[in-house]
Amino acid sequence: MKLHRQLLTAAVAAALFAPAANAEVAIDVIGGSEITFEGLVQADGNWFSNDKADLNGVAKNGKDSEFELRRAELVLKGKGPGNIEWVVGYDAKADKFLDTNVKYKLGGNSNHFLQAGQYKQPNSLEELSSTKNNDFISKATVTNTYAVARRLGVGYGVGDANWSVTASAFGRELTRDLAHGSGYGVRGTFAPINEKGNILHLGLSYVDYDTDADLLRLRARPNADLATVRLVDSGDLKDTDRLSTIGAEAMYVRGPFKAQGEYYSSKAKRYAHDNYSTDGYYISGVWNVTGETWGYKGGTPSLGLPDEPGRGMWQLGARFDHIDLNDGGLKAPAVVGGTPLVDGVLGGKMDIWTVGANWYWRSNFKASLNYVMVDSNKYASASKKFVSDKPDILEARLQFFW
């Protein structure tokens, strides 16, 4: 941990004294590769107004709070020699590798490439979008539950400004003892409208991978990254062979407004049990109060700097999430001899409203404030009935990036 703090301190100092604070820090040209240094530091606070469950395990009088350094990402990037690009990323807070890969641009075209190493797999618009420009403090519940993030693999991508197709074969996560399970994924995007301040994006994705030790567990926090309790939980599903997920995504940008949504349908193939199917979606809207708009590249949105750096850029947003981890279970399980007759898996359902505001100041700072309202419902085997849990959460984040 001491080494992690030293690395982070040195990184922040380098960024603060860099001559150009609006972008990555240029290091040197070594072996024909232009090397730059980037970083992201996020500090979060969550204030819980608990209902039934104690969301982080130490609540008093039904209320609690939690503060934590959320991310401390340090990234080296290189361009060259030739059509080669490379990246090595590390999160000093989580003690894990981030994007760590080599990309070869075929014909010098950034939309036609081969890639090998650890990278985000081709699924989920929100997961593939830049972390530093997230619309809300926590990604949508369904994104955190269904999206396959970084894995070691080999990938191929082709496209132009208006369309893209990416395919990948992947295995485990680079950092030891994290995600496992070999599989494959493909994502296609199409933007029939692609002009500055006027964008329509559509996308489809499919991922299929082997479960680790034939065991699967799907569960979700209530859109609070610092919560230790999951309000919906499938439990351990043994004899699960593979998990496949179909994703559909859409985004529309019109001037300072952006609407975005994704739907996921996931099926677990099991040996000695019926297959387990779940789904979920989110819909969100964001307004840049100060008038800025979004760009678009490689099937994901990009957000530029404030038009007036001294004033900064203000955003207001709202999002609705829904996830359903029930499959085949009776809505009101019968009880015979004190034993509930539950057919299938009753992991629970959860609806979440999130409203929030973001302020980007100059090139490197961002402050966010979100209010989260949760409505969950899950079968409790102890009481043999469905239990509703409706907590509220206030979230804040301070962010520094370069």
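Each value, and the rule that gives it
Residues numbered from 1 in each chain as written. Predicted model: local features only at pLDDT ≥ 70, side-chain atom pairs only at ≥ 80, totals over all residues. Heavy atoms only, no water. Helix = DSSP H or I, 4+ residues; strand = E, 2+ residues; numbered from the N terminus. Contact = heavy atoms within 4.5 Å. Areas by Shrake-Rupley, 256 points an atom, 1.4 Å probe, with all protein chains shown as cover. Polar contact = N/O pair within 3.5 Å; in protein donor to acceptor, adjacent residues only side chain to side chain. 1 Å grid on protein atoms, 1.4 Å probe; cavity = no way out; pocket = protein on both sides within 12 Å on 5 of 7 lines; lining within 4 Å. Points joined across faces, edges and corners; volume = space filled by probe spheres on them. Nonpolar A, V, L, I, M, F, W, Y, C, P; charged D, E, K, R; others polar. Core = buried A, V, L, I, M, F, W, Y, C linked by side-chain atoms within 4.5 Å. Buried < 20%, exposed > 50% of the residue type's maximum accessible area, 1.4 Å probe, protein only. pLDDT = per-residue confidence, 0-100. Lys, Arg positive; Asp, Glu negative; His and termini not counted. Salt bridge = Lys/Arg side-chain N within 4 Å of Asp/Glu carboxyl O.

Trainee: Hey, could you go over the overall build of the protein chain for me, with residue numbers and the actual values?
Mentor: Each helix and strand counted, the protein chain has 3 helices and 26 strands in total. Look at the contacts in the protein chain between residues 6 or more apart in sequence, and 61% of them connect residues 24 or more apart. As presented, the protein chain carries roughly 18,900 Å² of accessible surface, and 58% of it is formed by carbon and sulfur atoms.

Trainee: Outline the environment of Asn101, listing residues and values.
Mentor: Looking at the element boundaries, Asn101 is found in strand β5 (residues 96-105). The spacing of Asn101 and Gly89 is 12 residues in sequence and 9.1 Å in space, taken between C-alpha atoms. In this structure Asn101 touches Glu85, Trp86, Val87, Gln115, Ala116, Gly117, Gln118 and Tyr119, once residues within four positions along its chain are discounted. At a separation of 2.9 Å, a polar atom in the side chain of Asn101 contacts the main-chain carbonyl oxygen of Gln118.

Trainee: A description of empty space enclosed by the protein should follow, citing residues and the corresponding values.
Mentor: Over the atoms rolls a probe the size of a water molecule, and its path tells where empty space is left. This model, assessed by the stated rule, comprises 2 cavities of 30 Å³ or more. Within this model, the largest cavity holds a volume of roughly 180 Å³. In terms of lining, the largest cavity is formed by 16 residues, of which the most central are Ser129, Asn133, Asn134, Asp135 and Lys258. Secondary structure elements with two or more residues in the lining of the largest cavity: β16 (257-270), β17 (276-288) and β19 (300-303). Of the residues belonging to the lining of the largest cavity, the class tally is 5 nonpolar, 7 polar and 4 charged. Gln42, Thr131, Asn134, Phe136, Ile137, Asn358, Lys366, Ser368, Arg397 and Gln399 are the residues that line the second largest cavity.

Trainee: I'd like a description of the nonpolar core, backed by residues and values.
Mentor: Membership of the largest hydrophobic core comes to 31 residues, with the highest contact counts inside it found for Ile323 and Met350. The set of elements that each furnish at least two residues to this core consists of α3 (141-146), β10 (198-210), β16, β17, β20 (313-327), β23 (345-361) and β24 (365-380). Sort the elements by how many residues they give to this core and β23 lands first, with 3 residues. Beyond its immediate chain neighbours, meaning those up to four positions away, Met350 contacts Thr141, Ala220, Arg221, Pro222, Leu231, Val232, Asp321, His322, Ile323, Val374, Asp375 and Ser376. Residues Leu125, Val253, Trp294 and Tyr360 belong to the second largest nonpolar core, which totals 11 residues.

Trainee: Describe in detail the confidence of the model for the protein chain, supporting the description with residues and values.
Mentor: The pLDDT averaged across the protein chain works out to 89; a share of 89% of its residues lies at or above 70. At the low end of the mean pLDDT range in the protein chain sits strand β21 (residues 334-336), at 48; at the high end sits strand β6 (residues 113-120), at 98. Counted against residues more than four places away or in other chains, residues 15-22, with its pLDDT under 50, gives 9 contacts.

Trainee: Quick rundown of the side chain of Glu395? Include the residues and the values.
Mentor: Mapped onto the elements, Glu395 comes out in strand β26 (residues 392-401). Lacking a salt bridge, the buried Glu395 has Arg319 as its closest oppositely charged neighbour, with an N-O distance of 6.8 Å. Among all residues touching Glu395, those that are not within four sequence positions of it are Gly45, Asn46, Trp47, Ile137, Ser138, Asn223, Ala224, Ser368, Leu369, Asn370 and Val372.

Trainee: So what about the pattern of salt bridges? Which residues, and what values?
Mentor: Counted according to the given criterion, the structure contains 19 salt bridges. The salt bridge partner of Asp44 is Arg397, with a shortest N-O separation of 2.7 Å. Residue Asp44 is located in strand β2 (residues 33-49), and its partner Arg397 is located in strand β26; the two are separated by 353 residues in the primary sequence. Here Asp44 and Arg397 have matching classes, each one buried.

Trainee: Hey, could you go over the environment of Ser205 for me, with residue numbers and the actual values?
Mentor: Mapped onto the fold, Ser205 is located in strand β10. Given the relative accessible area of 7%, Ser205 is considered buried. Spatially, the C-alpha atoms of Ser205 and Val165 are 9.7 Å apart, while their sequence positions differ by 40 residues. When neighbours within four sequence positions are excluded, Ser205 is seen to be in contact with Pro122, Asn123, Ser124, Val186, Arg187, Thr245, Ile246 and Gly247.

Trainee: Just give me the short version of the side chain of Glu38, but keep the residues and values in it.
Mentor: Mapping Glu38 onto the fold places it in strand β2. Excluding its chain neighbours within four sequence positions, the residues that come into contact with Glu38 are Glu24, Glu73, Leu74, Val75, Lys77 and Trp402.

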